[in-house]
Amino acid sequence: MKRIMNSLEKCFSLYKINYLLSGTYEYILLRTEKKKSPDCYETSTPEKDADKSSLVSFYTANNCARKLFKIEMIGEFHNSSLEEYNQLHSAYGMFELPVIYMNTSFGFPWIVLGSFNRIDDFNRELFLKTDLLALSPVGQPQQITATLLTENDLLHAFN
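K.L.:
Account for the overall build of the protein chain, naming residues and giving values.
P.N.:
A tally of helices and strands in the protein chain yields 4 helices and 7 strands. Sorting the 159 residues of the protein chain into buried and exposed places 40% on the buried side. For the protein chain, contacts bridging at least 24 residues in sequence account for 72% of all contacts bridging at least 6. Summed over its atoms, the accessible surface of the protein chain is roughly 9300 Å², and 52% of this surface lies on carbon and sulfur atoms.

K.L.:
Just give me the short version of the confidence of the model for the protein chain, but keep the residues and values in it.
P.N.:
Here the protein chain shows a mean pLDDT of 84. Residues at 70 or above account for 84%. Here residues 1-5 is a poorly scored stretch, pLDDT under 50, and it has 0 contacts once near neighbours within four places are set aside; other chains count.

K.L.:
Explain the environment of Pro 137 to me, using residue names and the numbers behind them.
P.N.:
The topology assignment puts Pro 137 in strand 7 (residues 137-150). When the C-alpha atoms of Pro 137 and Leu 126 are compared, they prove to be 9.2 Å apart, with 11 residues separating the residues in sequence. With residues up to four places along the chain from it excluded, the contact list for Pro 137 reads Met 102, Asn 103, Thr 104, Val 112, Leu 126 and Leu 132.

The rules we used
Residues numbered from 1 in each chain as written. Predicted model: local features only at pLDDT ≥ 70, side-chain atom pairs only at ≥ 80, totals over all residues. Heavy atoms only, no water. Helix = DSSP H or I, 4+ residues; strand = E, 2+ residues; numbered from the N terminus. Buried < 20%, exposed > 50% of the residue type's maximum accessible area, 1.4 Å probe, protein only. Contact = heavy atoms within 4.5 Å. Areas by Shrake-Rupley, 256 points an atom, 1.4 Å probe, with all protein chains shown as cover. pLDDT = per-residue confidence, 0-100.

Here it is, written out as structure tokens:
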């Protein structure tokens, strides 16, 4: 008898929080998981959107209180990420990490991202991964610092 395993896919969603009165901003990178879909272009499911919404609400309630802010989605990445230090796959987040991302020719919301300190290292790894090159990255890589949030962070906060 064959066993069918439910395979989970990591979904990375990058947001920019703009603080309207101070003119400052910060980035948050949400990592959620969902069952792998044969349709790799699927952008949202009610369950995944609820997970992302809960993580954003959790972060803003704890870090943006009494500040006027606007949240802007930068993009989403559903793939094995590029990374130098394996931080994107930590069980828990709530820490800052370097992130480099690029838009893709598929348009919003699709991006390619990784965690590297140097753009040259990101580019080298990107061009070694044919599956990521198939996503047709376009434009210049953008280097930022983001706070990683995972579903485990939310579960841990309420247990």
